[in-house]
Amino acid sequence: MKQFPTTIKGIKEGLKKGDFTSVEIVEHTFQQIESKEDQVKSFIHYEDYYQPALEAAKEADQRGYEDDQLLLNGVPIAVKDNILTKGYVTTAASKMLEDFVPTYDAFVVKQLKKAGAVIVGKVNLDEFAMGGSTENSSFQTSHNPWDLTRVPGGSSGGSASAVAARQVPGALGTDTGGSIRQPAAFTGLVGMKPTYGRVSRHGVIAFGSSLDQVGPMTLTVEDNALLLQAIAGQDPNDATSLPNSTQAFDALIGQTIAGKRIAFPKEYQSEAISEEVRQAIQQAADYFRDQGAIVEEVSLPYSEYGIYVYYIISSAEASSNLQRFDGIRYGHRSSDAHNLDEIYIKSRSEGFGEEVKRRIMLGTFSLSAGAYDAFFNQAAKVRTLISEDFERVFEEYDLIMGPVTTSTAYKIGERSNDPLEMYVADLLTVPINLAGIPSISLPAGFDHQGLPIGMALTGPAGSEALIYQVAHAFESGHDFHHQAPEI
């Protein structure tokens, strides 16, 4: 029986050498999805993708594997279900959109197809990407492959569980306040939130428009750089899209990190972070020093306010973005509505889940006449102070390191009844989105229960290649990325 590689790089090399065809790897991928889906519940839709995926695989085989410009030719990839796919249901894991079929592909989906990738399905998330555990999906709760009783994180929990379970070699997620990095940390993956504007948001169902960013989730750093290279690019349909977005993000991988200056904020070493997570990150700092890097303690004094600022700004933007889902323009329409008011009220009451309603109400309040100056306006000012904190550090240091999460993955149901505890869990990730800068999560060890620990490397805007260089230097000296969960 043929052995198939689990990484994007391994698949690309095998296809080029003729060890197997894309049709074979795609058939194997669907077998992996089918055999593990009952346990991990990663996918919302995959059956409808089987025949089209086989057709795309045949086309990849016919094209051949000599053209290095086709970065993902014949490689299976999963896509988070808040990213539009033409002709295929896109739900955002909400009853509001359970029958919504887009008429166009998102920019990133077009980029995947242009690179020759084979899309094998749409993966689960917290409804409208609002949540940190994938327990807020209207359809199912995804499970962490390392311990099926635990959450895979969120909101890109389906993307994380699919890659960690080796159902697919890579997946796209979205990150508004940590929704790629936190599930990557919980499941032992590499997850990148790129610079704001690096990847077009066109065709991504909006949550917080000044915060959202699409990014890759993979098993290795090299795979991650490759997948980001495939989806990045300037897009005239996205006014926030940056010029010169496409580059070889793997260009610095393999180069020495001696002399690199890495900041380790004291705020990322506090008692709020579990002892085992702190130890793992301290050991990573020692490793960087052994490699010739300079690691020094700094301070990000305004980062402690990030969580408050984030939930005001993101909820305000969500309340505005989700106005369109009213039973008339988009989304579920109540069958029990008899006039215009009832269409709005009943359709939204029935279509949205509890967490989405909570954030719409919080955002609407923050933007109301009596609260705008006290809440939204103040939050916007503190957001600027948080950005300036990072800028000050980057004047002297190349990167910032720290933990991604305060703990390892928690049990399903353990925090779902306490929204405030769930919100505080984003303590370490949200300042990065507020500042619009790139940050990666990569495996940094395991706790005593065998659960993955994630390390964050954060850089100034546009520094993805440098982040990948330092991340790969760490990965090369450890075997965390080679370890796989037994399901």
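About the thresholds
- Residues numbered from 1 in each chain as written.
- Predicted model: local features only at pLDDT ≥ 70, side-chain atom pairs only at ≥ 80, totals over all residues.
- Heavy atoms only, no water.
- Patch = residues over 30% accessible without salt bridge, like charges linked within 9 Å, V, L, I, M, F, W, Y side chains within 5 Å.
- Areas by Shrake-Rupley, 256 points an atom, 1.4 Å probe, with all protein chains shown as cover.
- Salt bridge = Lys/Arg side-chain N within 4 Å of Asp/Glu carboxyl O.
- Helix = DSSP H or I, 4+ residues; strand = E, 2+ residues; numbered from the N terminus.
- Buried < 20%, exposed > 50% of the residue type's maximum accessible area, 1.4 Å probe, protein only.
- 1 Å grid on protein atoms, 1.4 Å probe; cavity = no way out; pocket = protein on both sides within 12 Å on 5 of 7 lines; lining within 4 Å.
- Points joined across faces, edges and corners; volume = space filled by probe spheres on them.
- Nonpolar A, V, L, I, M, F, W, Y, C, P; charged D, E, K, R; others polar.
- Pairing = 2+ DSSP bridges.
- Core = buried A, V, L, I, M, F, W, Y, C linked by side-chain atoms within 4.5 Å.
- Contact = heavy atoms within 4.5 Å.
- Axes fitted to C-alpha atoms, helices over the stretch in contact; angles between N-to-C directions.
- Phe/Tyr/Trp six-rings, centres within 6.5 Å; stacked < 30°, edge-to-face > 60°.
- UniProt positions renumbered as here; feature names shortened; annotations may be inferred.
- Polar contact = N/O pair within 3.5 Å; in protein donor to acceptor, adjacent residues only side chain to side chain.
- Right-handed = clockwise from strand over helix to strand, strands pointing away.

Quick look at a nonpolar patch on the surface
Then, in step 1: Side chains of Tyr-302, Tyr-305, Tyr-308 and Leu-385 sit close together on the surface and give an oily, nonpolar patch of about 380 Å² of accessible area.
Then, in step 2: Here Tyr-308 shows up in helix α9 (residues 306-321).
Then, in step 3: The class for Tyr-308 is exposed, based on a relative accessible area of 55%.

Observations concerning the layout of surface pockets
Then, in step 1: Considered as a void within the structure, the largest pocket measures approximately 420 Å³ in volume.
Then, in step 2: Tyr-104, Gly-203, Val-204, Ile-205 and Arg-324 are the residues nearest the centre of the largest pocket, which is lined by 20 residues in total.
Then, in step 3: Partitioned by chemical class, the residues of the lining of the largest pocket number 10 nonpolar, six polar and four charged.

Here's the deal with the pairing of strand β6 (residues 214-218)
Then, in step 1: Burial runs high along β6: five of the five residues are buried.
Then, in step 2: Residues Val-214, Pro-216 and Thr-218 of β6 are buried on one face, and the alternating residues Gly-215 and Met-217, pointing to the opposite face, are buried as well.
Then, in step 3: Both strand β4 (residues 170-174) and β6 contribute to a ladder of five bridges, which runs antiparallel. Considered in β6, the bridge of Leu-172 is made with Pro-216.
Then, in step 4: Pairing analysis gives two bridges linking strand β5 (residues 190-193) to β6, with the strands arranged antiparallel. Directly across from Val-190, in β6, lies its bridge partner Thr-218.

Some points on the nonpolar core
Then, in step 1: Judged by nonpolar contacts, the single largest core of 141 residues is most densely connected at Leu-72, Val-108, Leu-112, Phe-128, Phe-288 and Met-401.
Then, in step 2: Top contributing element to this core by residue count: α9, with eight residues.
Then, in step 3: Apart from the residues within four sequence positions on either side, Phe-128 is in contact with Ala-92, Ser-94, Met-96, Leu-97, Ile-205, Phe-207, Leu-322, Phe-325, Phe-352 and Val-356.

Digging into the sheet that holds strand β7 (residues 261-265)
Then, in step 1: Spatially, the 11 strands line up as an open sheet ordered β1-β3-β2-β4-β6-β5-β10-β11-β9-β7-β8, and their pairing is mixed. Single-partner strands in this sheet number two, and they are β1 (43-45) and β8 (294-298). Here the average twist between neighbouring strands, direction ignored, is 30°.
Then, in step 2: Helix α15 (residues 464-476) contacts β5, β6, β7, β9 (399-403), β10 (439-446) and β11 (452-458) of the sheet and is inclined by roughly 10° relative to β10.

Brief notes about the packing of aromatic side chains
Then, in step 1: Summed over the entire model, instances satisfying the criterion amount to 20 aromatic pairs.
Then, in step 2: Ring geometry for Phe-365 versus Phe-375: centroids 5.5 Å apart, planes at 55°, classification tilted. Of the two residues, Phe-365 sits in helix α11 (residues 354-366) while Phe-375 sits in helix α12 (residues 373-394), which places them 10 residues apart along the sequence.
Then, in step 3: On the basis of relative accessible area, Phe-365 is assigned to the partly exposed category, the value being 46%.
Then, in step 4: When the centroid spacing of 6.4 Å and the interplanar angle of 35° are considered together, the rings of Phe-474 and Phe-480 count as tilted. Take Phe-474 and Phe-480: they sit in the same class, and that class is buried.
Then, in step 5: Among the aromatic residues, those joined into a cluster by ring pairs are Trp-146, Tyr-287, Phe-288, Phe-446, Phe-474 and Phe-480.

Things to note about the UniProt feature "domain: Amidase" (unreviewed entry) in the protein chain
Then, in step 1: The UniProt entry lists residues 24-466 under the feature "domain: Amidase" (unreviewed entry), expressed in the numbering used here.
Then, in step 2: For residues 24-466, the end-to-end C-alpha separation is 35 Å, with 36% helix and 13% strand making up the annotated structure.

Comments concerning the UniProt feature "active site" (unreviewed entry) in the protein chain
Then, in step 1: Under the feature "active site" (unreviewed entry), the UniProt entry names Lys-80, Ser-155 and Ser-179. For this annotated set, covering 100 residues, all C-alpha atoms fall within 11.2 Å of each other, a compact arrangement in space. Of the residues named above, Ser-179 line the largest cavity.
Then, in step 2: Mapped onto the elements, Lys-80 comes out in strand β2 (residues 76-80).
Then, in step 3: On the basis of relative accessibility, which here comes to 0%, the residue Lys-80 falls in the buried class.
Then, in step 4: Those residues in contact with Lys-80, other than ones at most four positions away along the chain, are Lys-122, Val-123, Leu-125, Ala-129, Ser-155, Ser-156, Ser-159, Leu-172, Gly-173, Thr-174 and Ser-179.
Then, in step 5: Structurally, Ser-155 can be placed in the loop between β3 (118-123) and α5 (157-164).
Then, in step 6: Accessibility expressed as a relative area gives 0% for Ser-155, which makes it buried.
Then, in step 7: If sequence neighbours within four positions are ignored, Ser-155 has contacts with Lys-80, Asn-124, Leu-125, Asp-126, Ala-129, Met-130, Gly-131, Gly-132, Thr-134, Thr-174 and Ser-179.
Then, in step 8: A polar side-chain atom of Ser-155 sits 3.5 Å from the main-chain carbonyl oxygen of Ala-129.

Some points on helix α4 (residues 107-114)
Then, in step 1: Within α4 the residues assigned to the buried category are Phe-107, Val-108, Val-109, Gln-111 and Leu-112.
Then, in step 2: Of the surrounding secondary structure, the elements contacted by the buried residues of α4 are β2, β3, β4, β6 and α7 (221-231).

Looking at empty space enclosed by the protein
To find leftover empty space, one rolls a probe the size of a water molecule over the atoms.
Then, in step 1: Under the defined criterion, the tally for this structure stands at four cavities of 30 Å³ or more.
Then, in step 2: Approximately 70 Å³ is the volume found for the largest cavity.
Then, in step 3: Contributing to the lining of the largest cavity are 13 residues, with Gly-131, Ser-179, Tyr-310, Tyr-311 and Asp-426 lying nearest its centre.
Then, in step 4: Residue composition of the lining of the largest cavity, grouped by class: five nonpolar, six polar and two charged.

Some remarks on the pairing of β2
Then, in step 1: Across the five residues that make up β2, a large majority, five, are buried.
Then, in step 2: Taking every second residue as pointing to the same face, both faces of β2 are buried, with Pro-76, Ala-78 and Lys-80 on one and Ile-77 and Val-79 on the other.
Then, in step 3: As judged from the four bridges shared by β2 and β3, these two strands associate in the parallel manner. When the bridges of β3 are listed, Lys-80 appears paired with Val-123.
Then, in step 4: Tracing the backbone out of β2, into α4 and back to the parallel element β3 gives a crossover that is right-handed.
Then, in step 5: Pairing analysis gives two bridges linking β2 to β4, with the strands arranged parallel. Note on β4: the bridge partner recorded for Ala-78 is Ala-171.

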